[in-house]
Amino acid sequence: MTTLTHLQRLEAESIQIMREVVAETENPVMLYSVGKDSAVMLHLARKAFAPSPPPFPLLHVDTRWKFRAMYEFRDRMAEEAGMDLLVHINPEGIEKDINPFTHGSAIHTDVMKTEGLKQAMDKYGFDAAFGGARRDEEKSRAKERVFSFRTAQHRWDPKNQRPELWKLYNTRKHHRESIRVFPLSNWTELDIWQYIYLQEIPIVPLYYSAERPVVERDGALIMVDDERMPLEPGEVPMMRKVRFRTLGCYPLTGAIESEADTLPDIIQEMLLTRTSERQGRVIDHDSAASMEKKKQEGYF
Amino acid sequence: MSAKHLSPETVSERRLEAVRLRLDGVTVAETARRTGLSAPTVSAAWKAFREGGWDAVPIRPRGRPAGQAHRLGETQQRLLWQRLTHWPDTDEPGWSSRALAQALTDAETGDASPRAIEHWLVAQDLKPSPMALDDLVRRRTREGRWFRQQVQPALEGQGVVAHWLGGVRVAQPATSSEKDSRRYQLYLHGKRGALYSRCFTAPPRADDYLTLFERLASRGPMALIFHGAYFRASPEVQDWLVDRSDFSLITVPPNITLRAASARG
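Residues numbered from 1 in each chain as written. Chains lettered and ligands numbered in written order. Predicted model: local features only at pLDDT ≥ 70, side-chain atom pairs only at ≥ 80, totals over all residues. Heavy atoms only, no water.

K.L.:
It is not clear to me how the pattern of salt bridges should be interpreted in this structure. Could you clarify?
P.N.:
Pairs may arise between side chains of opposite charge once their charged atoms sit close together. Residues and elements named next belong to chain A. For the structure on display, the rule yields 30 salt bridges over all chains. The salt bridge partner of Arg 134 is Asp 37, with a shortest N-O separation of 2.8 Å. Taken together, the positions of Arg 134 in the loop between strand S4 (128-130) and helix H6 (139-143) and Asp 37 in helix H2 (residues 36-49) put the pair 97 residues apart, joining distant regions of the chain. Judged by relative accessible area, which is 1%, Arg 134 ranks as buried. Linking Glu 115 and Lys 118 is a salt bridge whose minimum nitrogen-to-oxygen distance equals 3.3 Å. Of this pair, Glu 115 and Lys 118 both sit in helix H5 (residues 104-124), three residues apart, roughly one helical turn. The class of Glu 115 is partly exposed, set by a relative accessible area of 28%. The network of salt bridges with shared partners includes Lys 36, Asp 37, Arg 134 and Asp 136. (Salt bridge = Lys/Arg side-chain N within 4 Å of Asp/Glu carboxyl O. Helix = DSSP H or I, 4+ residues; strand = E, 2+ residues; numbered from the N terminus. Buried < 20%, exposed > 50% of the residue type's maximum accessible area, 1.4 Å probe, protein only.)

So, in structure tokens, the structure goes:
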């Protein structure tokens, strides 16, 4: 009997979860944030339903503040996968010109991401949404189930979660309730990188080290991705060799100094690191238990 | 094969092996062939063994024992840092090792040679190697094209009397604590790779760059090839450059590899 490697076991588990969702729900969608986890999730979805394209669209809840390289990559990947790409931007956020600088990371995230996601779920009537969250990213994500149920108002109750014994998933839900499904829950950041390497999955070039213009903000290296980034009077960005372990809105995503410009180098760097990739995300440190509060309010 | 470039440890092992072979009755010539040592070395090892036993066979460590070299004292180092974080009183574009040595002498904290200062700069990660531009003109690479299209016309421009290579970087000495170790260094390489530095505890601001440019521009028409700053985002620098037709600032594009020349004094 052939023994599966740990990556093959994780892959099989994720594919089983995706097929289960398609079988049990009426209108699923895959949340596509353009990061490496989304890249792996999309790759798994294509494998799960090959030779057909996956039977659900991609949904990108855009904030207008992603890195330029992410937008280019998003459009290319959706076209390659042959899937519909739905892009939703909170119209209220556009109207009020919500941005991370004048409104702060908390309001920006709430309006553009949390509210934006809820609007998109309601607008298209999705009852299940795949997300690329992993348990090793953050504390509140660690305790969230693979099938995470949300009320009709999209709220998450961490004290009322269903058991998932022997990988049996209970998908019954009331009318207008929805499920956030995390097929990569049991993967680690290292698993993701090894899988990307082994399967040669394309990822946004920002993950590779290169010289980029950065400024320092509260100890974090923030990339000056376009002219909208407000600089202090007299400030001159420095060109430093950096890469990103995680990607979000560029003013809220810290880079790390690194020489890793190939996948083997990134994996080697991963083996030595002792911190979560999300330490670079400003939104995770807004307040105590920040992520759990956001998730209760409907954040992905 | 010559054993001239072998490490002391390897030579010692081979000398011990040579003695063992000689004890087994192998000739000097044959021992030399088998161990890769010269015949006189085999003889010397054999003689050392006969006179002092096994302990006398390995070679003694060469050079001055580690840690015995002259080191700059705490006061001197503090003074150097203090000087490096201010512009020199002269019109030099930064601190050279010679000027730093003179500053120590003037402050009567004890003399140090420019060479001792350079060793200290290396230990503090403050001695970047100059960019190598010499052979770029013929290279059919991105670097070569950049040189031919951007650098060469500027260097051959109207009346340019000199060009400097420079940049800004973060120095991180291996020995200091994380908090103390982060220093931002503005550096320049002038004639024959002579290094000029100015250090900061925070990233340099437009005023700092402009002070540097002013000091260089006061020497006549000038071309500066600079790496490590994103001047396009700085209106102050852009405005200054508009009025300076005698100053060419050529920024090195990101991710261009300019093989560093070996560091020279």
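K.L.:
Honestly, the interface of chain A and chain B in this entry has me stumped. Any pointers?
P.N.:
At the junction of the two partners, chain A supplies 15 residues and chain B supplies 22 residues. Overall, the association of chain A and chain B removes approximately 1500 Å² of surface from exposure, summing both partners, and the carbon and sulfur fraction of that is 54%. When the area that chain A buries against chain B is broken down by residue, the three leading residues are Glu 211, Val 236 and Met 238 of chain A, summing to 40%. For the pair chain A and chain B, the number of links is one salt bridge. Linking chain A to chain B there are eight residue pairs in polar contact (both at pLDDT 80 or more). Looking at the side of chain A that touches chain B, the elements that each hand over two or more residues are strand S7 (210-217) and strand S9 (238-243) of chain A. Take the side of chain A that touches chain B: its biggest share by element is four residues, from S7 of chain A. (Contact = heavy atoms within 4.5 Å. Buried area = accessible area lost by both parts, 1.4 Å probe. Polar contact = N/O pair within 3.5 Å; in protein donor to acceptor, adjacent residues only side chain to side chain.)

K.L.:
Would you mind showing me how to read the side chain of Ser 140 of chain A here?
P.N.:
All names here are of chain A. Turning to its location among the elements, Ser 140 is positioned in helix H6. What makes Ser 140 buried here is its relative accessible area of 2%. With residues near it in sequence (within four places) discarded, Ser 140 still touches Trp 156, Met 291, Glu 292 and Lys 295.

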